[in-house]
Structure formats: C-alpha cells, structure tokens
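Next come the chains, spelled out residue by residue.
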Amino acid sequence: MDLEIAMLLGQDGVTNGAIYALLALALVLVFAVTRVIFIPQGEFVAYGALTLAMIEAGRLPGTVWLLLAAGVLVVALDGLDALRRGGVGRLMKVVGWNIGYPLALVALMRFVPTDSWPLAAKVALTMAVVVPLGPMIYRVAYQPVAEASVLILLIVSVAVHVAMVGLALLFFGAEGSRTSAFSDASFTVGPMMVSGQSLWVIGTSLALIVALALFFGRTIYGKALRATAINRAGARLMGISPALAGRLTFMLAALIGALSGVLIAPIATIYYDTGFLIGLKGFVAAIIGGLASYPIAALGAILVGVLEAFSSFWASAYKEVIVFTLIIPVLVWRSLTSHHVEEDE
Amino acid sequence: MKIQKTVVAAALGMAFVSGAAFADINVGVSVSATGPAASLGIPEKNTLTLLPTTIAGQKVNYIVLDDASDTTTAVKNIRKLISEDKVDVVIGSTITPNSLAMIDVAAESKTPMISMAASSKIVDPVDEKRRWVFKTPQNDQQMATAIVSHMVDAGVKTVGFIGFADAYGEGWWEQFSAIADARKLKIVANERYKRSDTSVTGQVLKLYAAKPDAILIAGAGTPAALPQKSLKQRGFAGKIYQTHGVANNDFLRVCGADCEGTFLPAGPVLVADQLPADNPVRASAQEYVSKYEAAFGKGSVSTFGGHAWDAGTLMVNAVPVALKAGQPGTPEFRAALRDALEGLKEVAGAHGIFNMSPTDHLGLDQRSRVMVQIKGGAWLMVK
C-alpha cells in the first residue's frame, strides 16, 4: 500500500462516513427525544434516492401514493378530535395538510413534466414527497404507544421497517437505480483525484450538522426538543407537547435520511433494501456515541467509514464482519466507563 | 398482488372443480418474487402467466407461491403444494439454496420437480433423490468455460476476479479458477463485495494495482455494475467480463456508458433476433420474447424469465406422454411424468435444445450459450 492508495481509500471512507454521520445524528436525535430506536431510518435513504431516480426517469414515484395513504390514516385518527376541539376550520386544516397536500403533489407530477426540471428542483420535489412521511409514520405507528417501554417501541420499529422495505419493493422494483451527479467536476490535489460529488456529500453533511446545531441552540422548537430529550416529564410540565416533539423529530429524521439518499445516489447504486445496511452502519456510529452524544457519534461514523474502506482493501470478504465487530469493544468500553441507569417504566 | 390473485383464483378453481373433475393437472410453483432474488423471481413469475392453461385437452391449474428468497419458506411451500394442493409437478425455486432444500421433499413424495436455479449440484449426480429433479438454466461451468475460451482466444494472460460475497460469487470462483488454471490463465487478484455495498473502491484499487489483462465480475443484476463503474473511473483499460447473471435491461440502464465493450456469456434468448436463421433455438427463443413483450411491454424481457419458460416447455412436452400412463393426481401419473421428462429429446426452449437422459437432467449443450458484447447500450452477439 502506498500513499496514493491510502489517500484514495481515506477519501472514500470519509465520504461514506459523512453519510453514516448524518444517519447517526438522526438516530441519536430520535432516541433522545422519543426513546425510539429508529430502525427504519435507513429506509428514508432508499426512499429519497429512488424517488429522485423515478422523477428523473419521468415516472410517478409510488411514494406519493404512500404519502396519500398515510395522510388518510392520519385524518382517520385525528379528524374527529380536531372537529371536537376546533370545529370545521381545524378539521379542514388537518384534511388539507394530510390529503390535500399529497393530492396536489400527485397532480403536479402527473401534469407538469417534472423530469425536465433542473436537478435542484427535482431534489426539492423529492424532499417534498418523502419528508412528510416521517411525521405521518410517527402519528400512525408510534404516537399511540408513545409511553410504552423501549422494547415495545423497538418492536414497532421492526414492524415499520419490514413494512417500508416491502412497500419499497412494490414501488421501485427489485433492480437498483442511480441518479445523475450533482457535479461531474474532479480536482487533482497532489497525487489524489477528488471527485466533485464527494465534496458535495461532505460539504452538505457539514452544512447540515451546523444547521442542526443552530436549530437546537437558537430556535424555540429546537430548544423544546432539547428539553424533551433531557427530561420528558419536565418538558411536558413546561407546556411542550410530546406529540409535537415526536412529529418534529421524525420530520428531521426523514429529512436527514432522504437528503443522505439524494447525496449518495449518484455514487452508489441504491436498491429498495439498501437503506437497512446503511442505517445499520449509522447505528454502529450512534452506539459509539452511546445514543446520546452527537459529536462522538459523528466521529464514530467517520471511523466506521474509514475502517470500511481500508478493510475492503485488505480483506474484502470480511468487510462487514470487521465493521460490525467494532461494536463489541465499543460496548465493552462503554459498559466499563459509564454507570448503568435503570430505565423508569 | 398478482401472486395472491393467482393463488386465490387457483384455490377457488380447485374448490369448484374438486370431486367433479379430478383429472385437472395441478402445477405447483415456488418462485422468489420478493427478497434478494426478486429481480430473477419477478420475470419468472410473469412468465408463468404465459404458460398454456390446457395441455392435451386437460385443464392445467397453476398454484403460485412466493418463497421470498428464503430456504425455509421454499420448503414450507413445496410441502404445502404437495400435501394440500396435491400437485403433479413442482416448478421452482428461483435460487440454488432453495432448490437444493426442496429436493428432499420432492423425492420423498415422488413428485417431479423442475428447478429454475443455476447450480449443477441440483441435478448432479442423478442419484436416488435427484431422479425426481430436473433443471433448466445452464450450469455455471458451461458459462465459465465460454468465458475462459474467449479470454484465451483474445490473448489474455492474467486475470483479476471480483465476485459477490455469497454462494453466487463463490460458485463462480470455484468453477472459473479451476478452468482458468487448466487453460494456463494466471489469476492475479481475487476480491469479494456485497450486493448491497455502496462502494468497492478498496477492492478496485487492489485489482487495478495487480494490472491484469482482463477482469471478471461475478455478480448478478444491477449490483454487478458497481465494480465496473469504479474500474472505469480508475481508468482500467483492460477487458471486462461479466457473467450471465447481468443479462437484463436494468443492468444496461444502471451501468450506462461504463459498460461499453463488456463481454459476457448468455443464453441465446438474450439475442434471439441476432441468431443466424439456421440456429435451432432462434424460433423458440423468438416465440418466448414476443409472447413476453406482448404481455409486459417492449424491452421488458430478461433471460431469467426464459428459465421459467423452459421449465414450462419441458412440462408441456412431457405431459401428453405421461397422460397415457395414468390420470393426473395419481402416483402413477407423477412417476410417468418423471419418466417422460427424462425421455425428452430435441425440445427447443428459449435457452437451448434439451436432450434429457438418465444421467443428465439438464440436457443443454453448446447451443445453449453465446458470447455477447455490450455495444451502444445493447446486447450484440459475438460471431
């Protein structure tokens, strides 16, 4: 191995690590606020990437129908309550957001030739389709059992994951897709060739991390989420609705997931079930951060990415084994250094 | 959805006719229409809808189950098909592990089974259990021989190998390394990657550093495009070979310009229209392509569905012979169907001409493969 190969592997590792870092942040966020171990996080990566691929191919992505179906479910769950509390006006608002909005998207994609739009507009459209799925899934699957134990929430997560993978096969088919690159540029830095797309991935990840830090540090909603994460009961007493916190968290998680998918789709072929493995590697990073620390999770993600790149060079058949074995020393170390707190049921 | 409909329709049909006309032929099918092998299983499942519903005046019921690419489910399926649906013949499954697991059940109940999976282990050697088992896809060995011959003819001396880190990649490695060794091809690198990997930079750098004349990528479907794209990006200028596992149009779509010039062996159905007029497979392959494309759209055909078509063709040819020996639904009919399958000669399918014998339950010869090159985003037969 010479310096050039090491640098190329390092670049590859950091690019993948940046995606894992985003997912790890989302996992930590969701766990901190709602105690949900969000296994379907990776599915949003696949949904984002494949929805964009279908828009590029000029086809109507199945995810808008899922959005519509989820919207109908939300209205069925919330409609009566809204009518009782706020009258027809409030009901119309619920119906408008959950059914009117998906219908508008369907109409837009049906009648406007979105495949000729510039890439940025397509990405925005993808986000508009995939991101609202997050809060809807929270409303339908998690909110009814929000007070249940972590184990039950985990079981719900597994169910949501299996359902989302199955739906993805139905929507996108068994074969993979790639999308066109954000930038075809490549730069030569010393002996190394840096592709424009990796810069996009790393740059966007950094920008998103900064944006999240600002959101949590400066805005009232961000502070509310942080308060909920620190002390759920206390936050509730201060008038922060746990349902709102949950929906907001899942929206952020879906946003991060879908954006990761859009970023990675030009450099890797994405399949309906790719998301799970990517999400799992993000999860390893989140575990390194103890499902609590954002900076350690992000660093852990870079470590996972780099380790993956180098092990694919030295022992390609054992790559996944090496990456997932990393979790064992990390768990040993964590259990030795941190004191265990019984979860209050 | 479609599977369920078929199953419900078949179940209703069964309930309706049972007793009254017990002589219907029941065909049980287990395909991997979901799970990792879905890209193979879906065209197979589609193809089954094109098979005839009457053979020699007898009504044929198809009971189609999905095994989700899972071995346990495949065994459960074949048990259900045999014990509850009383099928006369089983078609399936899509992949090798499932098919191997189903052999025991088929042999135990003395029901003929036609597999659509590639490994030669499914029918070789023809022993007490495998007497009941037939298969339609070409052996990997036949395909590997074609690749090695092409490499030697093209003056390739050193070759690098990258394959799936699963049974497919390992199977190819075994076959390919043995044949390459015999033909004095030097293998200078041997790498693995996973179907779901998002990057193969490490493996590709290692292959590239070994400077082989040619590289064989042993992957199936669109995941096989990733190493090729990475190799091109690194500037690899040697020849690249793929296996017949990539022979569908989704692969061309994903791989795009990076796959120009790639060589692969494939069943003749892939290039049915380019086969010379005197090729005996031309007409039967074209028949399948036109039927499939009429039902599922232009350009939708893949070679995998062809294996299901061939399984159906074998059955359609064997049933009239077996009917002379007994009524469908009886052990005599099943035994006669097995004998009839074994006695099939010169049956033209989508992938070749089948000549079965008591020692060969595949029956394909050299006519079942052609070398194909990707040119201008299409498959072009190498003369």
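Residues numbered from 1 in each chain as written. Chains lettered and ligands numbered in written order. Predicted model: local features only at pLDDT ≥ 70, side-chain atom pairs only at ≥ 80, totals over all residues.

**Overview of the overall build of chain A**
Secondary structure summary: chain A contains 14 helices and two strands in total. Projected onto its principal axes, the C-alpha positions of chain A cover 70 × 55 × 35 Å. When the 345 residues of chain A are sorted by exposure, 44% land in the buried category. Partitioning the intrachain contacts of chain A with sequence separation of at least 6 by distance along the chain shows that 78% fall at a separation of at least 24. (Helix = DSSP H or I, 4+ residues; strand = E, 2+ residues; numbered from the N terminus. Buried ≥ 20, exposed ≤ 12 C-beta atoms within 10 Å, placed from the backbone. Contact = placed C-beta atoms within 7 Å.)

**Here we look at the interface of chain B and chain A**
Contact with chain B, which involves 25 residues of that partner, is made by 25 residues of chain A. Secondary-structure elements contributing two or more residues to the side of chain B that touches chain A are helix H2 (38-48), strand E8 (186-193), helix H7 (201-210), helix H8 (225-234) and helix H9 (249-255) of chain B. With five residues, the top contributor of residues to the side of chain B that touches chain A is H7(B). Here the side of chain B that touches chain A is composed, by residue class, of ten nonpolar, ten polar and five charged. (Nonpolar A, V, L, I, M, F, W, Y, C, P; charged D, E, K, R; others polar.)

**Focus on helix H12 (residues 331-342) of chain B**
All names here are of chain B. Given a rise of 1.5 Å per residue, twelve residues ought to cover 16 Å, and the 17 Å separating the end C-alpha atoms of H12 matches this to within 8%. All of the buried residues in H12 are Phe333, Arg334, Ala336, Leu337, Arg338, Ala340, Leu341 and Glu342. Buried positions along H12 lie against strand E4 (89-92), strand E6 (133-135) and helix H11 (303-323). (Expected span 1.5 Å × (residues − 1).)

**Points about the confidence of the model for chain B**
Averaged over chain B, the pLDDT score is 88; the fraction of residues at 70 or greater is 94%. In the model, residues 12-21 of chain B has pLDDT below 50 throughout and makes three contacts with residues more than four positions away in sequence or in other chains. (pLDDT = per-residue confidence, 0-100.)

**Some remarks on the packing of helix H5 (residues 140-153) of chain B against helix H6 (residues 167-182) of chain B**
All names here are of chain B. The interhelical angle for the contact between H5 and H6, taken along N-to-C directions, is 45°, at an axis separation of 9 Å. Comparing the axis directions of H5 and H6 gives the class oblique. For the pair H5 and H6, the sense of crossing is right-handed. Residues Asp140, Gln141, Ala144, Thr145 and Val148 of H5 pack against Gly171, Trp172, Gln175, Phe176, Ile179 and Ala180 of H6. Across the contact of H5 with H6, the residue classes break down as six nonpolar, four polar and one charged. (Axes fitted to C-alpha atoms, helices over the stretch in contact; angles between N-to-C directions. Parallel < 35°, antiparallel > 145°, perpendicular 65-115°, else oblique. Left-handed = near helix turned anticlockwise from the far one by under 90°.)

**Focus on the environment of Ser368(B)**
All names here are of chain B. Note on placement: serine 368 falls in the loop between strand E13 (353-354) and strand E14 (370-375). Considering only alpha carbons, one finds serine 368 and glutamine 138, 230 residues apart in sequence, at a separation of 7.1 Å. Beyond its immediate chain neighbours, meaning those up to four positions away, serine 368 contacts Gln138, Gln142, Gly267, His351 and Gly352.

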